[in-house]
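Residue-level listing of the chains:
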Amino acid sequence: MSTSSRRARPAAVTTTLSVTPLVGRAAEQSTLSAALADADAGRGRTLFVVGESGIGKTHLVSAVAEQASHRGFTVAVGRAYPVESGVPYSVFSDALLPLLRTVEPSVLTLLTRGGTAELMQLFPALDAGRGPASPPRGDPTELKARLLWNFSQFLSRFAAKRPMLIVLENLQWADSASLEMLHFVARQVSNDRILVIGTHNDPDHRGGAGLRNTEQSLRGLGNAQRLRLGPLPVTAVTELLARTFDADANRTHNFAERLHRWTAGNPFFIDETIKALVEQGQLRQGPGGWAGWDVEDLRVPSTIREAVLVRLADLSTDARRLADIAAAMGTRATHDQLAAVSGLERDALITAIDELRGADVLTEREDARDIVYDFSHPLLQETLYSELGLARTRTLHGTIAESLERLYGARAIEHAGELAFHYARGDTRRLASKAVEYLRAAGRDASAKYANREAGDYLTAALSIAEQNEGGAGAELIAELARVRQRLGDYPGASELWQSALDTAREAGDVRRVATIERSIGLARYWSGDFAEALTHYDRATEAAREAGDRLLEARVLIAKASGLQAVGKSEESRHEVERALEIASEIGDDALLARVHRSLLLLYLWAGPAEKAIESGRMAISLAESSGQRSVAWSAHWGLAVLAGLTGKAEEVRRHLHEAHRLADELHSPLFHAWTSEIEIEYLAGIGDWDQGVAVAERTIAMARTLGQRTLLPRVLVWAGLLYFGRGDVEGGKACVDEAWELASNDPSMANRDVFSTVPAHTGKAAYHLTMGHYADAIRVGEHGLKIAERSGYVVWAIHRLMPIVAEASLWANDLKRVMSLSKRMRRESTALNQLLGLAWADACDALVEMLHGDKQKAVSLLQGAVEALEAIPYVPDAARVRRQLARALAETGDREGATRELRRAHEVFAHLGAERELDGTREQLRELGARPPTRSVTQGIAGLTGRELEIVRLVAARRSNKEIGSALGISARTASTHLSNIFSKLGVESRGELADLAREAGLLDVSP
Ligand SMILES: Nc1ncnc2c1ncn2[C@@H]1O[C@H](COP(=O)(O)OP(=O)(O)OP(=O)(O)O)[C@@H](O)[C@H]1O
Ligand SMILES: [Mg+2]
């Protein structure tokens, strides 16, 4: 004890909170223990412990943390501080850095699956010495998703070995990036051995909207619960006195009641009041123990603030000044920092620190090589800070800023956030340029971590200080801020800034900058759906780039312009622009740029045809992207080629490109790229009839799309999942999916102009529902509406893929001849352009009905047979079986009852294999109508799951016939035979013709005559 004026205190009053008794929280403790047990058992969750300042959150949570340690949990505690509310991910970094530093780099690599770079981007301090890494380039939403996803995956793997408790304290001061991360993590932990506890003192959410939104959203989603701490009951106060002072409850009873009333049961207030009473000698140690309980007129402070001030009144000048400095620093401070800012001599500093520790104002601990001090309670810091007065506050912040900058020396820029905080609060006239410098650096740093809100705040502050003090800000700063606003979705705000940057650049005669800015404005307009406006800016950008002689920039603008043109359905003009970009790129020989150009061409031809051009561009894009290290370009080219291969019926190619796309997504640690790739995979699996796997992938992808907030992908995947559910006869499950997709696609105003990607699939889902229910008129109505939207936008693929076939099938069942004829024409025309075999096959099926009604039944039958054949070869096994049902109708009409029965039995086999309950019902009904007995419903497996044509092929393969021979034997092309064969391979899980022959022999397939 440093001051002689201090009297004796009971042991517990001066010790740290972990040994102070915990009273009156039995119920809360058991809730938290249960949560720990749950987490231990792999049922992770998130709890918010909330209540007013001093109510005992930290105390309670410390007790849980101790319990967790005993149970073998890894415990990570992070705190938020007012100073760091702008430093991205600071709460998480505070919690996890000490832990991460103890993990071997090789283990870290293992746990992050090679994504250590992403982790370092979040927590640069992990990578001390290497300086800020250059952020990866690309779509910011995609990159941000990568960061958050990889972090939560890392936590999950980390906790797999040993359960984990993560405590995030004082969230009322948390930076918004940390809150976003908390939201992300909390949604992921339900199957992990992780308990997350967040505390804050703002139960009614009067403060920031960020915390409110985070907590409310998580609670609304059922991902988090709240534990609200109320005042201690009077019995707890009595118990506290008994345990602290070893005093008899009968003697302290009245005192406890008065104290309870006085402090409204706030334990911090109780604590401070007791300390003040001891301080003042009202409570004193006598021969028979502590005395003074009977004081009638308790002279106690009336507010928490007063109680604190009473305690601080006795501090020596040095100690008080040091406490003020620590309060203004606003966060934990190291010994060196306190020395640098206070300017106190070594001994004087130690004396002052001792005094503050003795008075329980500061606590100390060792952290790595530093000694770190923190206030024993945030209320002390707040009270001291609010007592400072404006002038002293400003001076102190200025001193802190300058001293710390000197202390950090060459590495000052790594502390930009902290320095910016103090410079901005110092004397803004004198320190303006420093403030702007560090605010900008902090903004850039936040940008690199995709902490856009923080970046926006920093840069806005920089801009306003710069404008007030330097007579205007540079075009570069304005442009930086505009980019961030744009990422935040604030397009009007971004545009306004761009305009002002543009004026500055024009005045300075900097045409290159004008071009860059015009391009950025164009992109902003494009993303807000204002395509026409975007195109105007792209044109200006092209002009300026040309004037500046910057060919590379010109080409980049042209690529952007091409997407804009494509978005408004001007495919021809779009192609023209990409070709100009291609010329420039070839001329300057920039492979990275060339890769992008070819990728644009691929996407262009993909959606509008011709297919061969798309393939050619895709191949070029991939090889150039590989040679120039553009992995995300390579990924998107594989993605595009997988889509194309699916449309044009090349199963082997689909598989290959999906495999490559997943591999690249892995390498890039990109959950979004995985999700997008999976979307195609679902369609592929649906096509080949592997519905179990299709549903599994769909469910996984839906979960991921939800987590990542993918507003266009989610509705689409929901629809594809819905179609699978309908197929299986799970109408309710399917309806839930398509209804949600419908809701998402139609209720999002920000999607108004680029909704074709989700709106058309949403219509597809709804139409499919009606078709399933046999509401043909509704299916046609909804479907036609969707077709109109697809047509208007120029993305015909969306119309032909799934939607037109659904409308066509509904029209077939409804015998709507006129519509069938017109649909057939449309499907044939557009499918031919895109080489889309699904559309062509359905067009044949439509024409068949027309022939039928015109009396040429034989022709109808042969058209339908052709369609079945084509669909099986793509493969669209389920569609093939559906057309078989139409074929059976036609055969029955011609009087070929036997043929009809045969087709229905084959369809039956496929539907049984798929588990397609409704189709199975319909097929059985048709069989009964023909007077045939339906086979058993049981789902067949293995060889039995092959279609009739596939069985024929298996027999021929077993007879060692080549594809060409098989083709001529069955009247199909060798290519078609080979496609069938690869489907058979994947269905049966065999890899060679020999293996297949063996399997066929074992199954006794060769004994049966065909
Ligand atoms: N249940 C309890 N029994 C005994 N003492 C308690 C209890 N709860 C809190 N205290 C004491 O009251 C003081 C304030 O508690 P604590 O720091 O946990 O409050 P808090 O809710 O975390 O406040 P803040 O929001 O300001 O951080 C501490 O000194 C602690 O020792
Ligand atoms: Mg606390």
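These figures come from a predicted structure and were not determined experimentally. (Residues numbered from 1 in each chain as written. Chains lettered and ligands numbered in written order. Predicted model: local features only at pLDDT ≥ 70, side-chain atom pairs only at ≥ 80, totals over all residues. Heavy atoms only, no water.)

Considerations on the sheet that holds strand S10 (residues 370-375)
Paired through backbone hydrogen bonds, the strands of a sheet run either parallel or antiparallel to each other. Spatial ordering of the open sheet is given by S8-S10-S9, a layout of three strands whose pairing is antiparallel. Each end of this open sheet is capped by a strand with a single partner; those strands are strand S8 (333-334) and strand S9 (362-367). In terms of strand pairing, S9 meets S10 through six bridges, oriented antiparallel. Directly across from Glu 364, in S10, lies its bridge partner Tyr 373. (Pairing = 2+ DSSP bridges. Helix = DSSP H or I, 4+ residues; strand = E, 2+ residues; numbered from the N terminus.)

Re the side chain of Ser 600
Along the chain, the position of Ser 600 falls in helix H28 (residues 591-608). Those residues in contact with Ser 600, other than ones at most four positions away along the chain, are Ile 559 and Val 578. (Contact = heavy atoms within 4.5 Å.)

Observations concerning the confidence of the model for the chain
When pLDDT is averaged along the chain, the result is 87, and 93% of the positions lie at 70 or above. Low pLDDT, under 50, characterises residues 1-18; the stretch is placed with 39 contacts to residues that sit more than four places away or in other chains. Taken as a whole, residues 129-133 scores under 50 in pLDDT and shows two contacts with residues more than four places along the chain or in a different chain. (pLDDT = per-residue confidence, 0-100.)

Some thoughts on unusual backbone geometry
Positive phi, normally seen in glycine, also occurs at Tyr 89, with a value near 60°. Among the secondary structure elements, Tyr 89 is positioned in the loop between strand S2 (74-79) and helix H4 (90-102). Exposure remark for Tyr 89: the relative accessible area of 1% places this residue in the buried category. (Buried < 20%, exposed > 50% of the residue type's maximum accessible area, 1.4 Å probe, protein only.)

Observations regarding the side chain of Glu 679
Relative to the helices and strands, Glu 679 is located in helix H32 (residues 671-688). Residues in contact with Glu 679, not counting those within four places in the same chain, are Leu 713, Arg 716, Val 717 and Trp 720.

Quick word on the site of ligand 1
Near ligand 1 you find 21 residues, and of these Gly 54, Lys 57, Thr 58, His 59 and His 377 are the closest. One of the backbone nitrogen or oxygen atoms of Gly 56 is found 2.9 Å away from an oxygen atom of ligand 1. Here an oxygen atom of ligand 1 sits 3.4 Å away from a polar atom, N or O, in the side chain of Asp 271. Contact with the protein chains hides 96% of the accessible area of ligand 1, taken as 620 Å² for the molecule alone. Elements that contribute at least two residues to the shell around ligand 1 include exactly helix H3 (57-70) and helix H12 (267-279). (Near = heavy atom within 4 Å. Polar contact = N/O pair within 3.5 Å; in protein donor to acceptor, adjacent residues only side chain to side chain. Areas by Shrake-Rupley, 256 points an atom, 1.4 Å probe, with all protein chains shown as cover.)

A few points about the sheet that holds strand S1 (residues 45-50)
Strand order in the open sheet formed by five strands is S2-S3-S4-S1-S5, and the pairing between neighbours is parallel. Because the sheet does not close on itself, it has two edges, and the strands there are S2 and strand S5 (224-228). Strand-to-strand twist of the sheet, defined as the mean angle between neighbouring strand axes without regard to direction, takes the value 15°. Looking at chain direction, S2 and strand S3 (residues 164-169) are connected through six bridges and run parallel. Bridging from a neighbouring strand, Ala 76 pairs with Ile 166 of S3. Sitting on the sheet, helix H8 (residues 176-188) is in contact with S1, S3 and strand S4 (194-200), with an inclination near 130° to S1. (Axes fitted to C-alpha atoms, helices over the stretch in contact; angles between N-to-C directions.)

Thoughts on the nonpolar core
By size, the foremost hydrophobic cluster in this structure holds 265 residues, and its most contacted members are Leu 96, Phe 123, Phe 151, Leu 155, Met 164, Leu 168 and Leu 338. In this structure Leu 155 touches Leu 96, Met 164, Ile 166, Val 185 and Ile 194, once residues within four positions along its chain are discounted. (Core = buried A, V, L, I, M, F, W, Y, C linked by side-chain atoms within 4.5 Å.)

Some remarks on the pattern of salt bridges
Tallied over the entire structure, the rule returns 68 salt bridges. For Glu 215, the salt bridge is made with Arg 226, and the minimal N-O distance between the two is 2.6 Å. With Glu 215 in helix H9 (residues 209-220) and Arg 226 in strand S5, the pair connects residues that are 11 residues apart, well separated along the chain. Take Glu 215: its relative accessible area is 0%, and that puts it in the buried class. Residue Arg 226 is classed as partly exposed on the basis of its relative accessible area of 22%. The salt bridge involving Asp 360 is made with Lys 275; its shortest N-O contact spans 2.9 Å. Remark: Lys 275 occurs in helix H12 and Asp 360 occurs in the loop between helix H16 (346-358) and S9; sequence separation between them is 85 residues. By relative accessible area, Asp 360 is classed as buried at 10%. Lys 275 sits in the buried class, given a relative accessible area of 3%. (Salt bridge = Lys/Arg side-chain N within 4 Å of Asp/Glu carboxyl O.)

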